[in-house]
Amino acid sequence: MSVLHPTTLRAELDRVTDHWTPRVIGRVNDQYVKVAKLLGEFVWHAHDDEDEMFLVVSGDLRIQIEGEQDVRVGPGEFFVVPRGVRHNPVAEQEVEIVLVETVTTAHTGDVVVEGTVPIDRQVGSFDATP
Ligand code: NI
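Just so you know, these numbers come straight off a predicted model, no measurement behind them.

## So, the coordination of the nickel ion
Coordination of the nickel ion by the protein is provided by His45 (NE2), His47 (NE2), Glu52 (OE) and His87 (NE2), with metal-donor distances spanning 2.1 Å. Coordination at the nickel ion is irregular: its 4 donor atoms span angles of 85 to 171 degrees at the metal. Binding-site remark: the nickel ion is held by donors from one chain whose sequence spacing is H-x1-H-x4-E-x34-H. Judged by relative accessible area, which is 3%, His47 ranks as buried.

Listed below in structure tokens is the structure:
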């Protein structure tokens, strides 16, 4: 299925059932657009070669940044974690986000943990073929 129709973030987020499990909803050149629901604490990691954008749709996301003060990102706000910077997202209550990440970005960056979701599972049924 090629995506030649508009969709809404609400509809795409409603299809997400598991926390910390990004779902690819679009591809823009070499970037994936993803939606995800977060709850609790993730894992400290870094993406050596890729910046990572968090756009908060609902809830309040706290992002721990190594050596810096925590960043708080609220609804409608976005934050870009620069490449190479160790970070750990924390959602004290459920947070819904949009992520923009290079197609090669690994879920948990330089670490692999039980909750790591490989990219093929994030892509799921999405087909970026034009
Ligand atoms: Ni990350």
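## Overview of the packing of aromatic side chains
With the rule as written, the count across this model stands at 1 aromatic pair. Here the basic side chain of Arg27 rests over the ring of Tyr32, its NZ or CZ set 5.7 Å away from the ring centre.

## What about the pattern of salt bridges?
Tallied over the entire structure, the rule returns 10 salt bridges. Across the pair Glu96 and Arg10 runs a salt bridge whose closest N-O atoms are separated by 2.7 Å. Note that Glu96 is positioned in strand S7 (residues 87-102) and Arg10 in helix H1 (residues 9-14), a separation of 86 residues in sequence. Residues Arg23 and Glu12 are paired through a salt bridge, measuring 3.1 Å at the closest nitrogen-oxygen approach. Of this pair, Arg23 sits in strand S1 (residues 23-28) while Glu12 sits in helix H1, and the two are 11 residues apart along the sequence. Per residue, the accessibility class of Arg23 equals that of Glu12, and both read buried.

## Re the environment of Asn29
You can see Asn29 is positioned in the loop between S1 and strand S2 (31-41). A relative accessible area of 65% means that Asn29 is categorised as exposed. With 74 residues separating them along the chain, Asn29 and Val103 place their C-alpha atoms 9.0 Å apart.

## So, the nonpolar core
With 16 residues, the main nonpolar core has Leu38, Phe54, Leu61, Ile63, Val95 and Ile97 as its most contacted residues. For this core, the elements supplying multiple residues, two or more each, are S2, strand S3 (52-58), strand S4 (61-65), strand S5 (71-73) and S7. Residue contributions to this core peak at 4 residues, all from S7. Apart from residues no more than four positions distant in its own chain, Val95 is found in contact with Ala36, Lys37, Leu38, Val56, Ser58, Gly59, Asp60 and Leu61. Core analysis: the second largest hydrophobic core is formed by 6 residues, Val16, Val33, Val35 and Val98 among them.

## Here we look at unusual backbone geometry
Even without a glycine there, the phi angle at Trp20 is positive, about 60 degrees. Note that Trp20 resides in the loop between H1 and S1. Residue class for Trp20 comes out buried when judged on its relative accessible area of 13%. A positive phi angle, close to 55 degrees, is found at Asn29, a residue other than glycine.

Cut-offs used in this document
Residues numbered from 1 in each chain as written. Predicted model: local features only at pLDDT ≥ 70, side-chain atom pairs only at ≥ 80, totals over all residues. Heavy atoms only, no water. Donors = N, O, S within 2.8 Å, 3.2 Å for Na, K, Ca; no water. Tetrahedral: all angles 85-135°; square planar, octahedral: opposite > 155°, others 65-115°. Buried < 20%, exposed > 50% of the residue type's maximum accessible area, 1.4 Å probe, protein only. Phe/Tyr/Trp six-rings, centres within 6.5 Å; stacked < 30°, edge-to-face > 60°. Lys NZ or Arg CZ within 6 Å of the ring centre and 35° of its normal. Salt bridge = Lys/Arg side-chain N within 4 Å of Asp/Glu carboxyl O. Helix = DSSP H or I, 4+ residues; strand = E, 2+ residues; numbered from the N terminus. Core = buried A, V, L, I, M, F, W, Y, C linked by side-chain atoms within 4.5 Å. Contact = heavy atoms within 4.5 Å.

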